[in-house]
Amino acid sequence: MNAAVRIENLTVAYRRHPALHHISGCFEEGSLSAIVGPNGAGKSTLLGAIMQTVPVATGRAEVAPALRASLAYLPQRMDIDRSFPLSVLEVVLLGAWREAGIFGRFSRAMHARASQALAEVGLAGFEARLIGELSAGQFQRVMFARLLLQDARLILLDEPFNAVDERTTDDLLRLVRAWHAQGRTVIAVLHDMAQVQAHFPQAVLLARELLAWGPTAGVLAADHLARARRLALGWDEAAPDCTRPEAA
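Colleague: How should I be thinking about the overall build of the protein chain in this particular structure?
Modeller: Helix and strand counts for the protein chain come out as nine helices and nine strands. Relative to the compact-globule value of 18 Å for 248 residues, the protein chain shows a C-alpha radius of gyration of 19 Å, a close match. C-alpha atoms of the protein chain, sized along the principal axes, occupy 60 × 40 × 35 Å. Per-residue burial for the protein chain yields a buried fraction of 46% across its 248 residues. Long-range pairs, those at least 24 residues apart, make up 70% of the contacts in the protein chain with a sequence separation of at least 6. For the protein chain, the computed accessible surface area is about 12400 Å², with 51% contributed by carbon and sulfur atoms. Of the side-chain charges in the protein chain, 25 are positive and 25 negative, and the distance between the mean point of each set is 2 Å.

Colleague: I'm lost on the sheet that holds strand S4 (residues 56-63) in this one. Help?
Modeller: Whether parallel or antiparallel, the strands of a sheet pair through hydrogen bonds between backbone atoms. Read across the sheet, three strands follow the order S2-S1-S4 without closing on themselves; strand pairing throughout is antiparallel. Strands at the two margins of the open sheet, each flanked by one partner only, are strand S2 (17-28) and S4. On average, adjacent strands in this sheet sit at an angle of 10 degrees to one another, irrespective of strand direction. Looking at chain direction, strand S1 (residues 3-14) and S2 are connected through eight bridges and run antiparallel. Looking at S2, one finds that Arg-6 is bridged to Cys-26. Along the sheet, helix H1 (residues 43-51) contacts S1, S2 and S4; its crossing angle with S1, the most-contacted strand, is approximately 115 degrees.

Colleague: Please explain the environment of Asp-81 as it appears in this structure.
Modeller: Here Asp-81 is to be found in the loop between strand S5 (71-74) and helix H2 (88-93). Residue Asp-81 is classed as partly exposed on the basis of its relative accessible area of 48%. Taking the C-alpha atoms as reference points, Asp-81 and Gly-132, separated by 51 residues in sequence, lie 8.5 Å from one another.

Procedures and definitions
Residues numbered from 1 in each chain as written. Predicted model: local features only at pLDDT ≥ 70, side-chain atom pairs only at ≥ 80, totals over all residues. Heavy atoms only, no water. Helix = DSSP H or I, 4+ residues; strand = E, 2+ residues; numbered from the N terminus. Rg over C-alpha atoms; globule rule 2.2 N^0.38 Å. Buried < 20%, exposed > 50% of the residue type's maximum accessible area, 1.4 Å probe, protein only. Contact = heavy atoms within 4.5 Å. Areas by Shrake-Rupley, 256 points an atom, 1.4 Å probe, with all protein chains shown as cover. Lys, Arg positive; Asp, Glu negative; His and termini not counted. Charge placed at Lys NZ, Arg CZ, Asp CG, Glu CD. Pairing = 2+ DSSP bridges. Axes fitted to C-alpha atoms, helices over the stretch in contact; angles between N-to-C directions.

Take it as geometry only, folks, not as evidence of what the structure does.
Structure, rendered in C-alpha cells:
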C-alpha cells in the first residue's frame, strides 16, 4: 500500500523542550488509526506536525502529494464563537469553502449537500438553528457534517468524542467506520483504550517518543502501556534541549 502520511525522524520542540523525540513511521492510505498515550505524550502535536501548524525541529511529517488538497482536520477545540449568531447550515457550508471560493458563493447544490450531511449525522431539520442553542453532542455532529461536506480523502480528528454523550459517540463512530470502508485514511487522537480496541485496527502509542506502531492488539499490549506510564511519571520539564548539538 502507499503511504498517506510519512513521518521521518520527527522532533517537535516547544520553548526548547521537545514534545516529540525522533518519531518515524507511516500511515498507509485507507488505514484507520488511533494515536494514544498519556497526557502530554505528544498526540495532538503529531497531528499539528502533519498539518504543519507546529514548529518542527528535525525531520518531517509529509502528506502524500495526491492527498494534500484533500485533507480535513477537526481540532480538539474549535475556534468558533458559539455566542455569535451563526446558523447550523452556515457552519456546515464552511466545509465547501474550496468550491465556493473567496467570495463564498454557495450554490443550491451545496445547500442540498449540507442538508444531506446534517441528515447523515442525525440533525435533519436543524439548518436554521443557531449554534449557540446546541448541546455539546449536537455541536460535534455539526462539525462532522462539515467534514462530510469537505469530502476529504485524509481526515485528522483530535479527541473527537471528548465531552459528548454515548449516543453521539456511537453515531459518529459509525460515520468514521463508513469513511474507512470507503477507503479514506482516518487518524484520530483518542484516550479511551476500549474504544480504540473495538473500532481502530491500527494504533500508535506515544510517550513523547514512539513506543509502538502497528496492529492495535500488539500496540496496546500491557508491557507497552506500562512503559508509557513509567515514562510519563519520569518526564523532566527542565530537561536540556536535545535538538541543540551541545545537548547531544
